[in-house]
Amino acid sequence: MKRFRGQTVVVTGASSGIGRAVALALQEEEASLILIGRDENRLSEVAAACRPDTSVVSCKLDLARSFEELPPSLRDRGVDILVHCAGRLVIDEMISARLDDFDLQMGVNVRGPWMLSRLLLPQLIEARGQIVFVNSSIAQHSARAGHGAYAASKVALRAIADSLREEVNALGVRVTSVYPGRTATSMQENLHAQEGRDYRPERLLQPEDLASIILHVLTLPETAEVRDVSVRPFMKT
Ligand SMILES: NC(=O)c1ccc[n+]([C@@H]2O[C@H](COP(=O)([O-])OP(=O)(O)OC[C@H]3O[C@@H](n4cnc5c(N)ncnc54)[C@H](OP(=O)(O)O)[C@@H]3O)[C@@H](O)[C@H]2O)c1
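Residues numbered from 1 in each chain as written. Predicted model: local features only at pLDDT ≥ 70, side-chain atom pairs only at ≥ 80, totals over all residues. Heavy atoms only, no water.

*Asks:* Even after reading the chapter, I still don't get the state of the cysteines, so can you show me in this structure?
*Replies:* Linking two cysteines covalently via their sulfur atoms produces the bond known as a disulfide. A full pass over the atoms with the stated rule returns zero disulfides. Counting only cysteine sulfurs, C85 is the nearest neighbor of C59, a cysteine outside any disulfide, at a range of 15 Å. What makes C59 buried here is its relative accessible area of 2%. The structure places no disulfide on C85, whose sulfur is separated from the nearest cysteine sulfur, that of C50, by 14 Å. (Disulfide = S-S within 2.5 Å. Buried < 20%, exposed > 50% of the residue type's maximum accessible area, 1.4 Å probe, protein only.)

*Asks:* Looking at this structure, I do not really get the pairing of strand β2 (residues 32-37). What am I missing?
*Replies:* Strand residues, when the strand is regular, have side chains that alternate between the two faces of the sheet. Counting buried positions along β2 yields five of six residues, so the element is predominantly enclosed. Sheet topology note: the strand β1 (residues 8-12)/β2 ladder contains five bridges and is parallel. The partner of T8 across the bridge, within β2, is S32. For the handedness criterion, the β-α-β arrangement of β1, helix α1 (residues 17-28) and β2 is classed as right-handed. A crossover links β2 with its parallel partner strand β3 (residues 56-60), the connecting element being helix α2 (residues 40-48), and its sense is right-handed. (Helix = DSSP H or I, 4+ residues; strand = E, 2+ residues; numbered from the N terminus. Pairing = 2+ DSSP bridges. Right-handed = clockwise from strand over helix to strand, strands pointing away.)

*Asks:* Would you take a moment to explain the pairing of strand β6 (residues 174-180) for this structure?
*Replies:* Among the seven residues that make up β6, seven are buried, leaving the element largely enclosed by the rest of the structure. Neither face of β6 is left uncovered, since the one carrying R174, T176, V178 and P180 and the one carrying V175, S177 and Y179 both have all their residues buried. Sheet topology places strand β5 (residues 130-134) next to β6; five bridges connect them, and they run parallel. Of the residues in β6, the one forming a bridge with Q130 is R174. Here β6 pairs with strand β7 (residues 228-231) via four bridges, running parallel. Considered in β7, the bridge of V178 is made with V229.

*Asks:* Got a minute to help me understand unusual backbone geometry in this structure?
*Replies:* Phi is mostly negative for residues that are not glycine, and the peptide bonds are mostly trans. A positive phi angle, near 55°, is found at D76, a position not held by glycine. In this fold, D76 is placed in the loop between β3 and β4 (81-84). In this structure, R128 is a non-glycine residue whose phi angle is positive, near 50°. Structurally, the position occupied by R128 is in the loop between α3 (99-127) and β5.

*Asks:* For this particular structure, what's the right way to read the site of the ligand?
*Replies:* By nearness alone, 32 residues border the ligand, and S16, R38, Y150, T185 and Q188 come closest of all. For the ligand, an oxygen atom lies 3.2 Å from a polar atom in the backbone of C85. When atom positions are compared with the pocket grids, the ligand is found to occupy the largest pocket. Sorting the residues of the shell around the ligand by element identifies α1, α5 (148-168) and α6 (186-195) as the ones contributing at least two each. Top contributing element to the shell around the ligand by residue count: α6, with three residues. Here the shell around the ligand is built from residues that sort into 12 nonpolar, 13 polar and seven charged. (Near = heavy atom within 4 Å. Polar contact = N/O pair within 3.5 Å; in protein donor to acceptor, adjacent residues only side chain to side chain. 1 Å grid on protein atoms, 1.4 Å probe; cavity = no way out; pocket = protein on both sides within 12 Å on 5 of 7 lines; lining within 4 Å. Sits in = over half its atoms within 2 Å of the grid points. Nonpolar A, V, L, I, M, F, W, Y, C, P; charged D, E, K, R; others polar.)

*Asks:* Teacher, can you tell me more about α3 here?
*Replies:* For the α-helix, the turn length of 3.6 residues means that residues three or four positions removed from each other point alike. Helix length check: α3 (29 residues) gives 39 Å between terminal C-alpha atoms against 42 Å at 1.5 Å per residue, within 8%. When the local axis directions of α3 are compared, the greatest deviation, roughly 55°, occurs at L121, which is followed within four positions by the proline P122. Backbone geometry just after α3 places R128 at a positive phi near 50°. (Expected span 1.5 Å × (residues − 1). Bend = angle between axes of the 7 residues up to and from the residue.)

*Asks:* Is there a simple way to explain the nonpolar core in this structure?
*Replies:* Most often, soluble globular proteins keep nonpolar side chains buried together rather than apart. Of all hydrophobic cores here, the largest spans 31 residues; its most connected members are V9, V22, L26, L33, V83 and I214. Among the secondary structure elements, those contributing two or more residues to this core are β1, α1, β2, α2, β4, β5, α7 (207-218) and β7. If near-sequence neighbours (up to four positions away) are discounted, V9 is found in contact with L26, A31, S32, L33, I34, I81 and V83. Within the second largest apolar cluster, 28 residues are counted, among which are L63, F67, A161 and V175. (Core = buried A, V, L, I, M, F, W, Y, C linked by side-chain atoms within 4.5 Å. Contact = heavy atoms within 4.5 Å.)

*Asks:* Just to check I follow, could you spell out the layout of surface pockets for this structure?
*Replies:* One simple way to see leftover space: roll a probe sized like a water molecule over the atoms. Approximately 1000 Å³ is the volume attributed to the largest pocket. Along the wall of the largest pocket there are 46 residues; nearest its centre are A86, G87, R88, L89 and M187. Counting only elements with at least two residues in the lining of the largest pocket, the list comes to α1, β2, α3, α4 (137-141), α5 and α6. At six residues, α6 tops the list of elements feeding residues into the lining of the largest pocket. Class assignment of the residues belonging to the lining of the largest pocket gives a composition of 20 nonpolar, 18 polar and eight charged. (Points joined across faces, edges and corners; volume = space filled by probe spheres on them.)

Set out below in structure tokens:
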């Protein structure tokens, strides 16, 4: 039995990294997908990698921009699950950081997920659905030099998830935050380059590891809610 047959799942950040892996794992389990990102070519590549009988809709949406209503492709879709994977990391110390980059990270990492969750809540409540926020393990525990805006955005995202859970549990909606450590994606490859470190993706978490955990959380019996999952690479670099 395919675990997501008959369920419609919105995945943000579906064009790359963890979001792409989540989308591909979900289609193996016969979910209907709505893929969100800005890069239409990469969204099309993900859609093309899905089984031919998968229902896939690509939705171009810039989460950093102000939006106050759902794009047409997200309206009245009967969404059961929303998985927030989109994220941006810009490293710069406060003295030289650009306000635009601060706003960008707050937009993609906080305001966008807040607004999209809010706009999809009626559908998610109707479905007694689930919401997953991909957060960051390191950002929660240590705001390193140059990571202030990113870490602040991820701490804010945690607060939004925790508060939303208190609001919607009684309506049948489960809310989970997933806190990955270093994961082998383009974001991490760029970070390694900026840190001047050797990039050895085989020693990091794999996007498929996170996808596997997220699918497991989403398929637990309705008597259980996983609130927080922290996942770190097993190998120490
Ligand atoms: N990789 C790690 O080590 C790591 C560790 C901890 C937490 N995380 C978190 O995991 C999540 C996924 O990151 P990743 O590692 O998979 O990074 P990634 O490969 O760079 O993917 C980031 C995704 O975010 C989307 N995105 C970026 N800006 C956007 C915008 N303005 N509007 C809409 N979508 C946007 C990108 O799509 P488009 O370019 O098509 O817009 C892309 O699909 C992020 O929230 C990140 O903070 C990652």
